[in-house]
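# Structural characterization, general
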Amino acid sequence: DLVWLSVLVQRRYAQICADHDLTSVQATLLCVIKDRSQGMGELARQLGVAKNALSGLVDRMERRGLVQRETLQCDRRAVTLSTTALGKEIVGALYADVADRMPDIAGALPADERRRLADSIARITASIRLTALPVDGADDERPVTTSSRT
């Protein structure tokens with residue numbers, strides 16, 4: 001049953017994202033950085049993507065004027081990503097649309113069960129925020145060793 005619920009939620013989210021001319025991954029990236037800029041390495045971990053894949057995603061979003069890269073003064077190699085004014089406007093509209101269109105997935109439930117479900121979802125998301133499963137190649141910070149042990 002959780003598989004089918006997941007399918008329903010993913011399909012609805014993908015449709016809402018498409019209505020805002022975003023892919024699901026682009027929308028999720030905007031949601032992650034909507035309130036504060038974040039480093040590219042941390043974003044790759046949160047989104048569960050390799051850094052090079054994130055870089056391509058950011059390039060496309062930057063060309064559309066949705067995000068901007070910023071170099072830190074203290075470390076010119078470190079790059080953070082934040083939303084532009086247009087990105088903030090779009091992610092705000094996306095949030096409103098999700099809040100409006102997602103709840104009807106549970107429309108067949110009585111009102112008291114919908115409230116309990118909403119409360120449960122809020123507790124789950126508050127405790128887990130956004131975690132990602134490891135992705136092969138996503139963690140470029142692993143130490144590389146050249147010595148072999150016998």
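Criteria and cut-off values
- Residues numbered from 1 in each chain as written.
- Predicted model: local features only at pLDDT ≥ 70, side-chain atom pairs only at ≥ 80, totals over all residues.
- Heavy atoms only, no water.
- Helix = DSSP H or I, 4+ residues; strand = E, 2+ residues; numbered from the N terminus.
- Buried < 20%, exposed > 50% of the residue type's maximum accessible area, 1.4 Å probe, protein only.
- Contact = heavy atoms within 4.5 Å.
- Phe/Tyr/Trp six-rings, centres within 6.5 Å; stacked < 30°, edge-to-face > 60°.
- Lys NZ or Arg CZ within 6 Å of the ring centre and 35° of its normal.
- Core = buried A, V, L, I, M, F, W, Y, C linked by side-chain atoms within 4.5 Å.
- Pairing = 2+ DSSP bridges.
- Axes fitted to C-alpha atoms, helices over the stretch in contact; angles between N-to-C directions.
- pLDDT = per-residue confidence, 0-100.
- Salt bridge = Lys/Arg side-chain N within 4 Å of Asp/Glu carboxyl O.

### Looking at the overall build of the chain
- Looking only at helices and strands, the chain has six helices and three strands in total.
- Shown N-terminal to C-terminal, the secondary structure of the chain runs as helices and strands in the order α-α-β-α-α-β-β-α-α.
- Counting the 150 residues in the chain, one finds 28% classified as buried.
- Intrachain contacts of the chain at a sequence separation of at least 6 include 57% that bridge at least 24 residues.

### A look at the packing of aromatic side chains
- Inspection of every chain in the model, using the stated rule, returns zero aromatic pairs.
- Looking at lysine 34, its charged tip hangs above the ring of tyrosine 95, at a distance of 4.8 Å from the centre.

### A short note on the nonpolar core
- Ranked by internal contacts, the top residues of the largest apolar core, which has 26 residues, are Leu29, Leu30, Leu54, Val67 and Leu81.
- Elements with a contribution of two residues or more to this core: helix 1 (2–19), helix 2 (24–33), helix 3 (40–47), helix 4 (51–63) and helix 5 (85–101).
- If you tally residues by element for this core, the top one is helix 2, at six residues.
- Those residues in contact with leucine 30, other than ones at most four positions away along the chain, are Leu22, Met61, Leu66, Val67, Thr83, Gly87, Ile90 and Val91.

### Description of unusual backbone geometry
- Residue aspartate 21 is not a glycine yet carries a positive backbone phi of 60 degrees.
- Mapped onto the fold, aspartate 21 is located in the loop between helix 1 and helix 2.
- Overall, the relative accessible area of 55% leaves aspartate 21 in the exposed class.

### Section: the sheet that holds strand 1 (residues 38–39)
- Judged by pairing direction, the sheet is antiparallel, and its three strands sit side by side in the order 1-3-2 without closing on themselves. Two strands lie at the open edges of the sheet, namely strand 1 and strand 2 (67–71), each paired on one side alone.
- Strand direction decides the pairing type here: strand 2 and strand 3 (residues 79–83), joined by five bridges, are antiparallel. Across the sheet, residue glutamate 70 finds its bridge partner in strand 3, namely threonine 80.
- Packed on one face of the sheet, helix 2 meets strand 1, strand 2 and strand 3 and runs near 100 degrees to strand 3.

### Observations regarding the confidence of the model for the chain
- Across the chain, pLDDT averages 84, with 85% of residues at or above 70.
- Under a pLDDT of 50 for its full length, residues 132–150 has, in the predicted model, 15 contacts with residues more than four places off or in other chains.

### A few points about the pattern of salt bridges
- A complete count under the given rule lists nine salt bridges for this structure.
- Between arginine 45 and glutamate 42 there is a salt bridge, with its nearest N and O atoms 3.5 Å apart. Placement of the pair is arginine 45 and glutamate 42 together in helix 3, with a separation of three residues, close to one helical turn.
- Look at arginine 45 and you get partly exposed, because its relative accessible area is 39%.
- Glutamate 42 gets classed as partly exposed once you look at its relative accessible area, which sits at 33%.
- In this structure, aspartate 112 and arginine 116 form a salt bridge, with 3.3 Å as the shortest nitrogen-oxygen distance.

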